[in-house]
Amino acid sequence: MDVYLDMYHLLMLLLLLWSSGSQCESTAKTDIVLLVNFFKRIDSGDFTLMKLFLTQTVSYFDIGPDKVQIGLVQNSYIPKTEWQLNTHQNKQSLLEAIDNLQWTRGDTLTGGTLNYILHSNFKTSVGMRADSQKIAILITDGESEDNAYLDTQDLRDSGIEIYTIGVKNARETQLRAIASDPDDIHVYSVSDFSFLLDIVDNLTIHLCNSAKSLDSVRLVDGNTLCSGRLEVKSEQSWSSVCEADFDQQDAEVVCRELGCGAPSVLQGALYGEVEAPMWTKEFLCGGHESALLHCGRSDSARSTCSPGKAVGLTCSEPVRLVGGASRCAGKLEVKLTEWRPVSYSDWTLMEAAVACRELDCGSAVSTGSRKESSDRSVWWIRSDCVQSGSALRDCASSASSASIVELTCSDSVRLVDGKTLCSGRLEVKSEQSWSSVCEADFDQQDAEVVCRELGCGAPSVLQGALYGEVEAPMWTKEFLCGGHESALLHCGRSDSDRSTCSPGKAVGLTCSEPVRLVGGASRCAGKLEVKLTEWRPVYYSDWTLKDAACRDLDCGSAVSTGSRDESSDRSLWWIMYHCVQSGSALRDCASSYSSSVIMELTCSDLLVQPIISVSSTMDGVSEAQQQGFQVHRGSDFTISCSVQPQYPGGSFQLTFTSSNTAHNYTQPAVNHSADFLFPAADPAHQGSYSCVYGVYVFSHNFSSESRLLSLTVTGSRTQRPPES
């Protein structure tokens, strides 16, 4: 045993002296987890050779908290972390740990061990950095007896590049199945431990290239980290890529390398023109490679690239909804270094709308929280960052919580370019593309279905070009809804297609906001409730949003607010002040909350509109189509004012206006009405009349005015002055 140790220390010294001038020159942060999994009993000489291999490999890298970090796991029936990524922050400390490493026999469950390192070692809590290149290296001498492929895919989905090294009895087909593509870079197999040192040069070169790949491709001038003009780094300079040298499979590799979703738009000059330099080789990716510079390239070089042909690429955002009834409903998850749920922290429909848009779903319909049994790793999304126009991924930071976001988007209908989520130009999705709808193919019953599908109130405005002009594509069928359907695409459609739609005829729709006041004497007073998935009262917290509530109710402005304390806590909506102040509707700014203190509100349009009518004691009153009401000259007539019973007392003021005079007459309201008698009608009575009902309630004076009544006096009897 001592002979092997002396030999090991001598060889390690020689190797360190030999490799002291050979270093990976990448400045990129790289997190590497070594997984040592030996099934057979190996002698101390073999283990010494393995440690020499690890020593030489580690010596190639610059170790540090902002450079390369290396952790190590041994599989000894159950996986055991020897040290985490952040345990050894310099090379000397790491080499000493390798020197002190003791071998433990493992088992044949490689898949379980791969799952272990994903959830125990590639974690920010133990040193993994969000902006690092992540690499797992499996060193094994046997064949796994469990299904390692699913766990391998989980590692890949988390953006981890996998290298496999087989010794002696390792099965090469299994090594290839576990490793990242291409195999000639990521798979190594030797017949004996003594040959491990022979692969060090190739392995470390490829590991260094993997580290460099993190800073060898980028998207610039885009709106998010997943969009922009493509640039590739070579020999310390950045070059754009010509559209002719780049295809969909190449785009898939770039999007995956950058930690984004699948490519959604690939188009020249999408993110501005660019001058030289240009990349001169055509990329020949298969679509499965882990980095663009791992792809093959053409032999011939391109000398020119036409203007406007620099590759612009938009990758979909790495966002998904899981566990719901469709891809547009469920628990919200975002991927940075790994897929995690999103913490529910005062989420509203405004944040949910961003997620729905990134998912290419329709409008946000509802959002809520789900309580897990215990805290777990989540992403916390900053609301102000999202509202500034950034993608969810760009606004995420690591956190721990048991409360996670669930949301529902409409599958195939949305309203765009409106002021609230219940207004905008109507678009319908079919075969993965969105189309506007022509006004001639859409009616009130269709609108009722859309508003209900989006969780809004009844349609209030249906008008072409209400929310801007739109170019093709246009929906080509007429909708034939009965008004009762749960979704627009459940409605019948015409057999014939529409070939054209006149300019300015794309459907613009405004649905009323699902807001109400209940328990008061009118629709403009009472307990404030908002509906998302369900009707709930609104939490009272120094409420300064009263005018917004009255506005959504079409009840004028706020007159008074108050709070009511329920007997116990209940589910409420908390309305986010900054969200409403930006012009959004109450529903769009509501977040789930629990409290016993609820909001009561009185708006200025508290009273219902009074009714005005006229009657005559002689020949009656006739109503002309255009001239209004007519009474005969000399007859007595009465103008009556009445109002629906709401509050006791009050008074009516009858206002008379003609071309040259105006009069006001006042009477108390008796049984919610008042009659104003005018004897002997004459031309002086001709003009416009209106009733104004006034009452003092809630420590305020309220009033409401009737419609105008126009009166004409006919005939030729002698004029008499009016009596009041």
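As shown above, the structure is provided for reference.
The shown structure was predicted, so the numbers you read here are calculated from the model rather than taken from an experiment.

Focus: the environment of A262
Mapped onto the fold, A262 is located in the loop between α9 (248–257) and β10 (263–268). For the pair formed by A262 and T314, sequence separation is 52 residues and the distance between their alpha carbons is 8.8 Å. For A262, the residues in contact, after removing those within four places along its chain, are C255, C315 and S316.

Observations regarding the sheet that holds strand β34 (residues 637–642)
Strand order in the open sheet formed by three strands is β31-β34-β37, and the pairing between neighbours is antiparallel. At either end of the open sheet lies a strand with only one pairing partner, and these are β31 (611–616) and β37 (673–678). Taking each pair of neighbouring strands and ignoring which way they run, the sheet shows an average axis angle of 20°. Bridge count for β34 against β37 is six bridges, and the pairing is antiparallel. Bridge assignment links C641 to a residue of β37, and that residue is A674.

Examining the environment of K371
Tracing the sequence through the fold places K371 in strand β17 (residues 364–381). Sequence separation between K371 and S401 is 30 residues, and the spatial gap between their C-alpha atoms is 9.1 Å.

Quick word on the pattern of salt bridges
Taken as a whole and judged by the stated rule, the model has 28 salt bridges. Of the charged contacts, one joins E82 and K80 as a salt bridge, the two residues approaching to 4.0 Å between their closest N and O atoms. In this structure E82 comes out as partly exposed when scored by relative accessible area, which is 24%. Exposure remark for K80: the relative accessible area of 40% places this residue in the partly exposed category. Close ionic contact of E372 with R376 constitutes a salt bridge, the shortest N to O distance being 3.0 Å.

What to know about the state of the cysteines
Tallied over the entire structure, the rule returns 14 disulfides. In this model C356 forms its disulfide with C409; the gap between the sulfur atoms is 2.0 Å. What sets the handedness of the C356 and C409 disulfide is the S-S torsion sign, and at about -85° it is left-handed. Of the two residues, C356 sits in helix α10 (residues 349–358) while C409 sits in strand β18 (residues 396–409), which places them 53 residues apart along the sequence. Using a relative accessible area of 1% as the deciding quantity, one classes C356 as buried. Overall, the relative accessible area of 4% leaves C409 in the buried class. Note on cysteine connectivity: C481 is disulfide-linked to C491, with sulfurs 2.1 Å apart. Linking C481 and C491, the disulfide has an S-S dihedral of approximately 105° and is accordingly described as right-handed.

Parameters and conventions
Residues numbered from 1 in each chain as written. Predicted model: local features only at pLDDT ≥ 70, side-chain atom pairs only at ≥ 80, totals over all residues. Heavy atoms only, no water. Helix = DSSP H or I, 4+ residues; strand = E, 2+ residues; numbered from the N terminus. Contact = heavy atoms within 4.5 Å. Pairing = 2+ DSSP bridges. Axes fitted to C-alpha atoms, helices over the stretch in contact; angles between N-to-C directions. Salt bridge = Lys/Arg side-chain N within 4 Å of Asp/Glu carboxyl O. Buried < 20%, exposed > 50% of the residue type's maximum accessible area, 1.4 Å probe, protein only. Disulfide = S-S within 2.5 Å.

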